[in-house]
Structures are given as structure tokens and as C-alpha cells.
Amino acid sequence: MMGNDGHRGWVYYLGVLPAWRRGGIARPLMVQAEQWMCARGVPKMHAMIRHDNLEVRSFYTALGYADDDVLVVEKFLNGQSKT
Ligand SMILES: CC(C)(COP(=O)(O)OP(=O)(O)OC[C@H]1O[C@@H](n2cnc3c(N)ncnc32)[C@H](O)[C@@H]1OP(=O)(O)O)[C@@H](O)C(=O)NCCC(=O)NCCS
């Protein structure tokens, strides 16, 4: 899933079944996503990754992505809490 606000492109929920990982599936999906953004004049790509998700961090590092010094804040609007 992906979207953009005209300046930032976002990728969400990129996932490959465990049995198919490390088979070169996600890399071309991200190439397509980046091309889709470029075609719309979006200059930057972002993904939110949990700090402890080392597998996904390694994947994005391999694709040339770097850590950004940004804090993500959230608020549940349906009465839910994080715990
Ligand atoms: C991240 C994920 C989508 C990668 O999918 P994939 O199809 O296995 O990725 P690719 O095979 O295209 O990998 C491209 C490169 O990324 C790097 N990479 C991928 N998985 C890696 C891992 N577990 N550890 C280190 N490097 C990794 C490698 O450099 C790899 O190239 P190589 O296989 O030639 O070494 C997959 O591991 C996944 O579904 N993870 C769990 C779901 C998830 O948490 N998604 C993110 C939500 S934010």
C-alpha cells in the first residue's frame, strides 16, 4: 500500500510470505513504488518501521534508505489505548 501528499511518498504494509523472503520479491515492488512516486513529482519516499524490526530495517538499508530523525506521534480516536 502506498500514498503521497505531493511531497512525501509513503509505503505501508509491505510484506512477503516468510517462505518467499530473500527471493527478490520486495525489491522490485519498491522500485515500482519509487517510479510511481517519481512520475507524480514526489521527491521523497518514507516508511515507518518499528525500532526492533531489524529484518525490515536491513531491507530498507539495502535499498538505500537511511534513518530519519523524526518522532512519530499518534492518538487513538476510538477510545482505544496502546496497552
Ligand atoms: C522486508 C520484507 C518485505 C523483504 O522482502 P523480500 O522479498 O525478502 O526482500 P528482497 O528479497 O527483495 O531483499 C532485497 C534485499 O534486502 C536485504 N534484505 C532483505 N531481507 C533481509 C534480512 N532479513 N536481513 C538482512 N537483509 C535483508 C538484502 O540485501 C536483500 O538482497 P539479497 O537477498 O540479494 O541479499 C520481508 O522481509 C517481510 O515481509 N518482512 C516482514 C513484514 C514486515 O514487517 N513488513 C514491514 C512493515 S513496515
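My aim in this report is to walk through the structure given alongside it, one point at a time.

Rules behind the numbers
- Residues numbered from 1 in each chain as written.
- Predicted model: local features only at pLDDT ≥ 70, side-chain atom pairs only at ≥ 80, totals over all residues.
- Heavy atoms only, no water.
- Near = heavy atom within 4 Å.
- Polar contact = N/O pair within 3.5 Å; in protein donor to acceptor, adjacent residues only side chain to side chain.
- Areas by Shrake-Rupley, 256 points an atom, 1.4 Å probe, with all protein chains shown as cover.
- 1 Å grid on protein atoms, 1.4 Å probe; cavity = no way out; pocket = protein on both sides within 12 Å on 5 of 7 lines; lining within 4 Å.
- Sits in = over half its atoms within 2 Å of the grid points.
- Helix = DSSP H or I, 4+ residues; strand = E, 2+ residues; numbered from the N terminus.
- Phe/Tyr/Trp six-rings, centres within 6.5 Å; stacked < 30°, edge-to-face > 60°.
- Buried < 20%, exposed > 50% of the residue type's maximum accessible area, 1.4 Å probe, protein only.
- Lys NZ or Arg CZ within 6 Å of the ring centre and 35° of its normal.
- Pairing = 2+ DSSP bridges.
- Right-handed = clockwise from strand over helix to strand, strands pointing away.

## A closer look at the site of the ligand
Part 1 of the argument: Around the ligand, the surrounding shell holds 17 residues, and the nearest of these are Leu14, Val16, Arg22, Gly24 and Arg27.
Part 2 of the argument: Interatomic distance of 3.3 Å between a side-chain N/O atom of Arg21 and an oxygen atom of the ligand.
Part 3 of the argument: For the ligand, an oxygen atom lies 3.4 Å from a polar atom in the backbone of Gly23.
Part 4 of the argument: Alone, the ligand offers 920 Å² of accessible surface; in the complex the protein occludes 74% of this.
Part 5 of the argument: Here the ligand occupies the largest pocket.
Part 6 of the argument: Elements that contribute at least two residues to the shell around the ligand include exactly helix H1 (26-39) and helix H2 (54-62).

## Quick notes on the packing of aromatic side chains
Part 1 of the argument: Counted according to the given criterion, the structure contains three aromatic pairs.
Part 2 of the argument: Arranged with centres 5.1 Å apart and planes meeting at 70°, the rings of Phe59 and Tyr60 form a pair that is edge-to-face.
Part 3 of the argument: Judged by centre distance (5.2 Å) and plane angle (70°), the rings of Tyr60 and Tyr65 are edge-to-face.
Part 4 of the argument: Of the residues examined, Tyr65 reaches a relative accessible area of 18% and is grouped as buried.
Part 5 of the argument: The ring of Trp36 has Arg40 sitting right over it, with the charged end atom 3.8 Å from the ring centre.

## Brief notes about unusual backbone geometry
Part 1 of the argument: One non-glycine residue, Tyr13, lies in positive phi territory at about 55°.
Part 2 of the argument: With respect to the helices and strands, Tyr13 occurs in the loop between strand E2 (8-11) and H1.
Part 3 of the argument: Exposure remark for Tyr13: the relative accessible area of 74% places this residue in the exposed category.
Part 4 of the argument: Residue Arg22 is not a glycine yet carries a positive backbone phi of 65°.
Part 5 of the argument: Note on placement: Arg22 falls in the loop between E2 and H1.

## Some details on the pairing of E2
Part 1 of the argument: Burial along E2 is one-sided: the face carrying Gly9 and Val11 is buried and the face carrying Arg8 and Trp10 is not.
Part 2 of the argument: The turn linking strand E1 (residues 2-4) back onto E2 is made up of three residues, and Gly6 within it adopts a positive phi angle of 95°.
Part 3 of the argument: Relative to strand E3 (residues 44-47), E2 runs parallel, the two sharing four bridges. Paired with Val11 across the two strands is Ala47, which belongs to E3.
Part 4 of the argument: Note that the unit made of E2, H1 and E3 has a crossover that is right-handed.

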